[in-house]
Amino acid sequence: MVRLIIPPPRVRQSARTALQGWLALRLLLAFLCGSAPAQEGHEPLDPVKLKRLPLDQLLETEITSVSRRVEPLKRAPSAIDVVTDEDIRRTGANNLQDALRLATGLHVAQVDGHDWAISARGFNTTTSNKMQVLMDGRNLYTPLYSGVFWDVQHTFMPDVEQIEVIRGPGATLWGANAVNGVINIRSKSARDTQGWLLQGGAGNVEQGFGGVRYGGKIGDTFYRVYATTLNRADMSRERGGNARDAYSLTQAGFRTDTDLSAGDLLTFQGDMYTGRFGQLVANDVEASGGNLLARWTRTLSADSSLMLQGYYDRTHRLVPGTFEEVRNNYDLEFQHSFTVNDAHDIVWGLNFRASQDEISNLGPGLAFLPAAETLYLISGYIQDDFHVIPNLLTVTLGTKLEHNSFSGFEYQPSLRFALTPTPNQTFWGAVSRSVRTPSRIDQDLFAPNPAFAAPTTLQGTRAYQSEVLLAYELGYRARPLSNVTTDLALFYHDFSHVRSIEPIGAGPTLTFGNLLEGEVYGAEFEAKWQATRWWRVEGGYTVMRTHLRTDAGSRDTRGGTVEGNDPNNIFVLRSLWDLPGDFELDATFRYVGALPRPQTPAYSTLDLRLGWEPKPGLELAIVGRNLLDAKHPEYRTTTVSREVGRSVYFMFTCRF
């Protein structure tokens, strides 16, 4: 008898191979995530518990950025977005810039593979200079151009506790350059990051990212160490071709939190990074740096505390053929908060900062002269929250006084009120003055580089002074239903002494002046609806208008068009859906209006995330971004514009 042996179809072999691979992957992850012994004091984070918090508890989210003390979000007399660690997890964001897109009033535009334009309430450019950005109390601002090099701002994303984005002035407490807003990034304490955490992923654009963190405890000291890396593919040019702007950054760091006594906490943390960023017609930009920060806080009583903080921050940036900068920042700050007669919550502080740079002017394009400079900032602030009628009316009055190397003495006062007629309603308003102080670009830039004997066409001037904002704001925050919250802010920003470009005499050389003025006004609305226990919907809409004009005596022919490129409308809608079987389906739709100059078309995007938690401590997700079209520009430049393409990546997170 002859038996016919029929081989199984190839498709079955492929399916069996795939199934075997999947089972092997699950076994590996199960081994990694489930077999390690528990650490002392280890309490793994449980995102499932957090995501099922009712909406009213989420509204009790505590913030610190508005008053430099802990207060509930719903009573804060300011326009503010709060991006929690759960928000970041539910979008699958693997970098800070994508996490900032969750702040509905913030305009976040990717310019190329590594550069971003980020601002609130206007004046957004690749060198935006009216937002103050901090990470764990460390100022990320560079005096080179009064902005932030976003390409080196990274951290291990699961360690981010919360990002608070103040829309509008915050200069009274956070100092100069907090003109249009403050971005305050806070990481989790070492106590809350115990045990192992692995995260990784890859896709067609995000070509490999991930990190590892371990937290433990020695005596009264909790600690964690981490390392993370992010690699992104080249973008494409709008008119075709490879933009050659790939991005690669690796960072490592640590944090310790020590309970010195019942009321004393000592925090010590630091980071080191190195990265390379591609350029279209030159060698890669190279960047590296590191920082060390120490902070001591003492709780004197339930209403009184002290804080002393110091940090050192070193940055290095080489732009081949243009310039190389080494900068060392030293910062020391003291803060004291206390209560008087249960009617006044007072916070005051002092700050000293020195920033020392050495710049090598490498090419014919531009030069910073002098090539080495040390800049100083000395400041003090005080603010009083006066509870005029307890639980009904609070008036906040404060100011910051500072002296800086660029413009000398500056003052930045504010007056705010918060009216809470019911526990679920808060009316607030504010009048504030803030300044954008000059930078090295404003005062020390020469183009082309005089060393190459070419005639100067643009040069900075030491006569350049601070830009000034007088801001008026009104807001209303409410919970009209037990499962609905709303937040409305109206603003009118009156700018003066804004940067203009003026000719020197009758010659062709241009310089910077302070002969622009204008208004930016608009409204920001946000609502959250907990439709069911397993489905939440959030949305935000921002409408804004900008009008800039030259002062009498100005000969600026550009009329401020180079100072910002902003959309009139931004609309964001999010849906967070908990599915059976520990699956999650999250969607974010975003509409951004057209940018005027350089003209950039309006665009709409859809991001999707499908997550699954097959067992406690293990999370798998597939994330799709920009799914509505193949690619589009988010921010055109005057030279070569890039397009943000559709992307998909897989990621896993494993805690044990």
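> Just to check I follow, could you spell out the overall build of the protein for this structure?
A tally of helices and strands in the protein yields seven helices and 37 strands. Accessible area for the protein stands at about 27,600 Å²; split by element, carbon and sulfur atoms hold 61% of it. Mean positive and mean negative side-chain charge positions of the protein (64 and 72 charges, respectively) differ by 6 Å.

> Explanation requested: the sheet that holds strand β13 (residues 236-237) in the structure shown.
Within the open sheet, the three strands sit side by side as β13-β36-β35. Their pairing is antiparallel. A single partner strand is all that each edge strand has here, and the edge strands are β13 and β35 (631-632). In this structure, β13 lies alongside strand β36 (residues 642-645), joined through two bridges in antiparallel fashion. In the strand pairing of β36, Arg237 is matched with Arg642.

> Please explain the environment of Ala418 as it appears in this structure.
Looking at the element boundaries, Ala418 is found in strand β23 (residues 408-422). Relative accessible area serves as the criterion here: at 9%, Ala418 is assigned to the buried category. Sequence spacing of Ala418 and Asp385 is 33 residues, and the spatial spacing of their C-alpha atoms is 9.8 Å. The contacts of Ala418, once residues within four sequence positions are left out, are Arg75, Pro77, Leu392, Leu393, Thr394, Thr426, Phe427 and Trp428.

> How should a nonpolar patch on the surface be read in this particular structure?
Together, Phe417, Phe427, Leu474, Leu488, Leu490, Phe525, Tyr541, Phe571, Leu573 and Tyr591 give the surface a local cluster of nonpolar side chains, amounting to about 820 Å² of exposed area. The set of elements that each furnish at least two residues to the nonpolar patch consists of β28 (484-503) and β31 (569-579). Checked against the element boundaries, Phe571 lands in strand β31. The class for Phe571 is partly exposed, based on a relative accessible area of 32%.

> Would you mind showing me how to read the environment of Ile359 here?
Here Ile359 lies in strand β19 (residues 344-361). What makes Ile359 buried here is its relative accessible area of 5%. Sequence-distant contacts of Ile359, defined by excluding residues within four places in its chain, comprise Leu144, Phe323, Glu324, Glu325, Phe368, Ala371 and Arg440.

> What should I look at first to understand the packing of aromatic side chains in this one?
What characterises a pair of aromatic rings is the spacing of the ring centres plus the angle enclosed by the ring planes. All told, the structure shown has 20 aromatic pairs when counted by the stated rule. Both rings, one in Phe254 and one in Phe268, keep their centres 5.5 Å apart while their planes meet at 65 degrees; by these two values the pair is edge-to-face. Here Phe254 is found in strand β14 (residues 247-259), whereas its partner Phe268 is found in strand β15 (residues 264-277), with 14 residues between them in sequence. Looking at Phe254, the relative accessible area reads 27%, which means it is partly exposed. Taking relative accessible area as the criterion, Phe268 reaches 38% and is therefore assigned partly exposed. For the cation-ring pair, Arg433 lies above Tyr411, with the distance from its terminal atom to the ring centre recorded as 4.0 Å. Stacked on the ring of Phe512, the Lys or Arg Arg499 has its end atom at 5.5 Å from the ring centre.

> Just to check I follow, could you spell out the pairing of strand β32 (residues 583-592) for this structure?
Looking along a regular strand, one sees side chains alternate from face to face of the sheet. Of the two faces of β32, the one lined by Glu584, Asp586, Thr588, Arg590 and Val592 is fully buried and the one lined by Phe583, Leu585, Ala587, Phe589 and Tyr591 carries no buried residue. Where β31 lies against β32, 10 bridges are found, and the strand directions are antiparallel. Across the sheet, the residue bridging to Arg574 is Thr588, located in β32.

> Teacher, can you tell me more about the sheet that holds strand β6 (residues 131-135) here?
In spatial order, the strands read β3-β8-β9-β6-β7; together these five strands make up an open sheet with mixed pairing. The open sheet has two free edges, formed respectively by β3 (79-84) and β7 (138-139), since each of these has just one partner strand. Sheet topology note: the strand β8 (residues 160-167)/strand β9 (residues 181-187) ladder contains seven bridges and is antiparallel. Each residue of the ladder has a partner; that of Gln162, found in β9, is Arg186.

> Mind showing me how you'd approach the pattern of salt bridges here?
Enumeration according to the criterion identifies 56 salt bridges in this entry. The partner of Arg167 in a salt bridge is Asp81, with the nearest N and O atoms 2.7 Å apart. Of this pair, Arg167 sits in strand β8 while Asp81 sits in strand β3, and the two are 86 residues apart along the sequence. Glu206 serves as the salt-bridge partner of Arg232, at 3.4 Å between the closest nitrogen and oxygen. In this pair, Arg232 sits in strand β12 (residues 221-232) while Glu206 sits in strand β11 (residues 206-218), placing the two residues 26 residues apart along the sequence.

> Help me understand the environment of Gly263, please; the structure alone is not making it clear to me.
Note on placement: Gly263 falls in the loop between β14 and β15. Expressed as a C-alpha distance, the spacing of Gly263 and Phe323, which sit 60 residues apart in the sequence, is 48 Å.

> Would you mind showing me how to read unusual backbone geometry here?
Among all residues except glycine, the phi angle is most often negative; among peptide bonds, the trans geometry is most common. Of note, the amide linkage connecting Leu369 to Pro370 takes the cis form, showing an omega dihedral of 5 degrees. Position of Pro370 among the secondary structure elements: in the loop between β20 (367-368) and β21 (372-389). In the segment running from Ala447 into Pro448, the intervening peptide bond is cis, with an omega of -5 degrees. The backbone phi angle of Asn177 is positive, close to 80 degrees, even though this residue is not glycine. Tracing the backbone shows Asn177 in the loop between α6 (171-174) and β9. You can call Asn177 buried: its relative accessible area is 3%.

> Is there a simple way to explain the pairing of strand β17 (residues 304-319) in this structure?
For strand β16 (residues 285-301) and β17, the ladder comprises 15 bridges, and the chain directions are antiparallel. For Gly289, the partnering residue across the bridge sits in β17 and is Thr315. Here β16 hands over to β17 after two residues, the two strands then running antiparallel side by side. Two elements, β17 and strand β18 (residues 323-340), share 15 bridges in a ladder whose sense is antiparallel. By the bridge assignment for β18, Arg317 is matched with Glu325. Taking the residues that link successive antiparallel strands as the turn, the β17-β18 hairpin has three residues, and the phi of Gly321 there is positive, at about 80 degrees.

> Any chance you could explain the confidence of the model for the protein here in plain terms?
Interpreting fine coordinate detail is not advised for predicted regions of low pLDDT. Residue-level pLDDT values for the protein average 91, and 91% of them are 70 or greater. This stretch, residues 1-15, has a pLDDT under 50; its non-local contacts, to residues over four places away or in other chains, come to one contact. Scored below 50 in pLDDT, residues 25-32 makes 12 contacts in the model with residues more than four places away or belonging to other chains.

Parameters at a glance
Residues numbered from 1 in each chain as written. Predicted model: local features only at pLDDT ≥ 70, side-chain atom pairs only at ≥ 80, totals over all residues. Heavy atoms only, no water. Helix = DSSP H or I, 4+ residues; strand = E, 2+ residues; numbered from the N terminus. Areas by Shrake-Rupley, 256 points an atom, 1.4 Å probe, with all protein chains shown as cover. Lys, Arg positive; Asp, Glu negative; His and termini not counted. Charge placed at Lys NZ, Arg CZ, Asp CG, Glu CD. Pairing = 2+ DSSP bridges. Buried < 20%, exposed > 50% of the residue type's maximum accessible area, 1.4 Å probe, protein only. Contact = heavy atoms within 4.5 Å. Patch = residues over 30% accessible without salt bridge, like charges linked within 9 Å, V, L, I, M, F, W, Y side chains within 5 Å. Salt bridge = Lys/Arg side-chain N within 4 Å of Asp/Glu carboxyl O. Phe/Tyr/Trp six-rings, centres within 6.5 Å; stacked < 30°, edge-to-face > 60°. Lys NZ or Arg CZ within 6 Å of the ring centre and 35° of its normal. pLDDT = per-residue confidence, 0-100.

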